[in-house]
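Summary of the model geometry
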Amino acid sequence: MQIIEVNTKSRPSKVYCGEGAAEKFSELYAGCDAFVVTDANVARLYAARIGELFPHAPVCVVPAGERSKNRNTLFKILDAMFAAQLHRSSVVVALGGGVIGDMAGLAAALYMRGTRLVQVPTTLLAQVDSSVGGKTAIDYAGVKNAVGAFYQPETVLCDPAFLHTLPPREVKCGLGEVLKTGILDAAIGEKLWESRERLSDLSYLSELAADCIRFKARIVAEDERESGARRCLNLGHTTGHALELAYGRRSHGEYVLIGMWLESFIAEREGVCTPAHAQYVRDTVALVQPRIPVFKDARACVKYALLDKKNSARGAVSLTLSAGKGEWKVLALSAEKYADYLGMLEGGR
Ligand SMILES: NC(=O)c1ccc[n+]([C@@H]2O[C@H](COP(=O)([O-])OP(=O)(O)OC[C@H]3O[C@@H](n4cnc5c(N)ncnc54)[C@H](O)[C@@H]3O)[C@@H](O)[C@H]2O)c1
Ligand SMILES: [Zn+2]
């Protein structure tokens, strides 16, 4: 088992990564009042396991999926926390994918101005990305993650045993964030290419997860509140989030892959990277997303991109672009220009 420290100023966290990580809970939190938040799929698949890992804890089960990442579900969780009479030293356990991690994390931040929080990520996406770094949120007023807080978990228990029940589509979704990390970090990128035949091998993915967590831990420790280095993690996300809000059918990681594909053309044509590097980004995306689907009326998604939290000027869309292996740059484009680039998605590839 690997232990990765995330040395943020607000609260340092420890990530336990490897087989048996989930069992660490009983050792680390013996005698604490735990409260588990999970979704209906995880509750069904892991009913017995939840009883073993968190024997006396109340379990709050909410509907699965991005659609439930809203204020109704958030307040349902808070209601259940009050009903269970939690106190500030109770431990909220976010057991699930990124949706549960973001929502239960926000509930933990809000309840009595903050309870203790442990993330137990059960999807590849949550293991490699969302459970680490302390971003919590719900979607609101048509904007992704519009209402939220930075709230670090004390502990993240990243156990690959949960990945065996993940549908292939969710593995692909997690690979979206793994590839993003590979584009941002030259060494991880090289490793990904060398081992591209093994990207569906779950034991190999948990090794890659540890690399991605170490990378994110370093970035988040340097810039917890996203005023500098952390902005690199938004690669592919301006377009990804806009498409996710407009079309909604696919999952977050798939939209990030499509976002990185489109934004590689923007980087190339706006002089941010060489054509060869833009091709490298597209080839990397193609390792898991060989075909880019057609999005009818993609240009209209500009209205969602204009609502993005990352923008700093009215009427402009801010994008994190890959500038070279291990290099990135933030670029602001006028809405008209960005809409023209979105038009490339209307043809598909
Ligand atoms: N906080 C952050 O830094 C951060 C980073 C990246 C993404 N996110 C957020 O994460 C969310 C996406 O996360 P996600 O892809 O994990 O989605 P998710 O939580 O909706 O999980 C995807 C699906 O997998 C199911 N599932 C979960 N664990 C399972 C398991 N072990 N076996 C079988 N099925 C399982 C879920 O019920 C759900 O249907 C988005 O809302 C995104 O905004 C947050
Ligand atoms: Zn993401």
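Rules used in this analysis
- Each residue is numbered by its place in its chain's sequence as written, counting from 1.
- Chain letters and ligand numbers both follow the written order, the letters beginning at A and the numbers at 1.
- Residue-level local features of this predicted model are given only where pLDDT is at least 70; pairs of side-chain atoms are given and counted only at 80 or more, and the full residue set underlies all totals for whole chains, interfaces and linings.
- Neither water nor hydrogens contribute to the side-chain values; these are computed over all heavy atoms in the structure.
- Runs of H or I in DSSP of at least four residues are treated as helices and runs of E of at least two as strands, each being numbered from the N terminus.
- The atom set for the radius of gyration is the C-alpha atoms, and the globule formula is 2.2 Å times the number of residues raised to the power 0.38.
- Under the scheme applied here, a residue whose accessible area is under 20% of the maximum for its type counts as buried, over 50% as exposed, and between as partly exposed, the area being computed with a 1.4 Å probe on protein chains only.
- By definition, residues are in contact when any of their heavy atoms lie within 4.5 Å.
- In short, Shrake-Rupley with a 1.4 Å probe defines the accessible areas, and a residue's cover is counted only from the protein chains shown.
- His is not counted, nor are the chain ends, whereas Lys and Arg count as positive and Asp and Glu as negative.
- Charge placement uses NZ in Lys and CZ in Arg. For Asp and Glu, CG and CD serve respectively.
- The nearness test applies per residue and asks whether one of its heavy atoms lies within 4 Å of the molecule or strand.
- Two N or O atoms count as a polar contact when they lie within 3.5 Å, although within protein this holds only if one can serve as hydrogen donor and the other as acceptor, and sequence-adjacent residues are included solely when both atoms are side-chain atoms.
- Any two of the Phe, Tyr and Trp rings considered here, Trp counted by its six-membered ring, make a pair once their centres fall within 6.5 Å; the pair's planes then place it as stacked at under 30 degrees, edge-to-face at over 60, or tilted in between.
- Definition used: whenever NZ (Lys) or CZ (Arg) falls within 6 Å of the ring centre and also within 35 degrees of the ring normal, the charge is taken to sit over that ring.
- Any carboxyl oxygen of Asp or Glu within 4 Å of a side-chain nitrogen of Lys or Arg constitutes a salt bridge here.
- Each domain's extent was defined by an automatic or database domain assignment.
- The buried area of a pairing is the accessible area, by a 1.4 Å probe, that goes missing from both parts when the two are put together, added over both.
- A pair of strands is labelled paired if DSSP reports no fewer than 2 bridges between them.
- Only a pair of cysteine sulfur atoms within 2.5 Å counts as a disulfide in this structure description.

Here we come to the overall build of the protein chain. Of the regular secondary structure elements, the protein chain holds 14 helices and eleven strands. Against the 2.2 N^0.38 benchmark of 20 Å for 349 residues, the protein chain shows a C-alpha radius of gyration of 19 Å, consistent with a compact globule. Taken across its 349 residues, the protein chain has 58% of its residues classed as buried. Put simply, of all contacts in the protein chain between residues at least 6 apart along the chain, 72% involve residues at least 24 apart. On the protein chain, roughly 14,500 Å² of surface is accessible, and the fraction owed to carbon and sulfur atoms is 51%. Considering the protein chain, the positive charge centre built from 42 side chains and the negative charge centre built from 39 side chains are found 5 Å apart.

The subject of this paragraph is the site of ligand 1. In the vicinity of ligand 1 lie 30 residues, with Asp 39, Glu 66, Thr 122, Thr 123 and Lys 144 positioned nearest. Between ligand 1 and Thr 122 there is a distance of 2.7 Å, counted from a nitrogen atom to a side-chain nitrogen or oxygen. Coverage of ligand 1 by the protein amounts to 91% of the 870 Å² it exposes when considered alone. Every element with two or more residues in the shell around ligand 1 is listed here: helix 2 (40-45), helix 5 (98-110), helix 6 (124-130), strand 8 (143-150) and helix 7 (168-184).

According to the stated counting rule, one finds seven aromatic pairs in the structure shown. Here Phe 25 and Tyr 29 contribute two aromatic rings whose centre-to-centre distance is 5.0 Å and whose plane-to-plane angle is 25 degrees, an arrangement assigned as stacked. You can call Phe 25 buried: its relative accessible area is 6%. Owing to a relative accessible area of 5%, Tyr 29 belongs among the buried residues under this scheme. Members of the aromatic cluster, connected to one another through ring pairs, are Phe 25, Tyr 29 and Phe 54. Positioned over the ring face of Tyr 151 is Arg 11, at 4.9 Å from the centre of the ring.

Glancing now at the pattern of salt bridges. Between side chains of opposite charge, a pair can form as their charged atoms come close. The full count for this structure, using the stated rule, is 21 salt bridges. We note a salt bridge from Glu 244 to Lys 144, for which the minimum N-O separation is 3.1 Å. A residue pair is termed long-range when its members are at least 10 positions apart, and Glu 244 in helix 10 (residues 237-247) and Lys 144 in strand 8 qualify at 100 residues. Lys 144 shares its class with Glu 244; the two are buried. With its nearest N and O atoms 3.7 Å apart, the salt bridge here joins Asp 201 to Arg 198. Residue Asp 201 is classed as partly exposed on the basis of its relative accessible area of 28%. One salt-bridge network, in which partners are shared between bridges, spans Asp 129, Glu 177, Lys 180 and Lys 216.

Partitioning the protein chain into structural domains gives domain 1 (2-165) and domain 2 (235-346). Its C-alpha centre places domain 1 at a distance of 30 Å from the equivalent point of domain 2. When the two sides are added together, the surface that domain 1 and domain 2 hide from each other amounts to roughly 650 Å², 65% of it contributed by carbon and sulfur. Counting every contact that joins domain 1 to domain 2 gives one salt bridge.

The next thing to look at is unusual backbone geometry. A positive phi is found at Met 112, a non-glycine position, where the angle reads about 50 degrees. Positive phi outside glycine occurs at Asn 145, with the angle close to 50 degrees. Its location among the elements puts Asn 145 in strand 8.

The next point concerns the side chain of Thr 38. With respect to the secondary-structure elements, Thr 38 resides in strand 3 (residues 34-39). Setting aside anything within four residues of it in sequence, one finds Thr 38 in contact with Ala 43, Ile 50, Val 59, Cys 60, Val 61, Val 62, Leu 95 and Ile 100.

Attention now moves to the pairing of strand 5 (residues 91-96). Most of strand 5 sits inside the fold, with six of its six residues counted as buried. With burial as the criterion, each face of strand 5 is covered, one bearing Val 91, Val 93 and Leu 95 and the other bearing Val 92, Ala 94 and Gly 96. Looking at chain direction, strand 3 and strand 5 are connected through five bridges and run parallel. Looking across to strand 5, one finds that Phe 35 is bridged to Val 92.

In this section: the state of the cysteines. The full count for this structure, using the stated rule, is zero disulfides. You can see Cys 232 has no disulfide; the closest cysteine sulfur is in Cys 212, sitting 12 Å from it. Unpaired in terms of disulfides, Cys 301 finds its nearest cysteine sulfur in Cys 173, a separation of 18 Å.

What sets the pattern is the α-helix's 3.6 residues per turn: residues three or four places apart point alike. Burial of helix 10 is extensive: eight of the eleven residues sit out of reach of the surface. Those residues of helix 10 not exposed but buried are His 237, Thr 238, Thr 239, Gly 240, His 241, Ala 242, Leu 243 and Glu 244. Buried residues in helix 10 make contact with strand 8, helix 7, helix 11 (252-269), helix 13 (302-305), strand 10 (316-324) and helix 14 (335-342). One or two residues past the end of helix 10 sits Gly 248, with phi positive at roughly 65 degrees.

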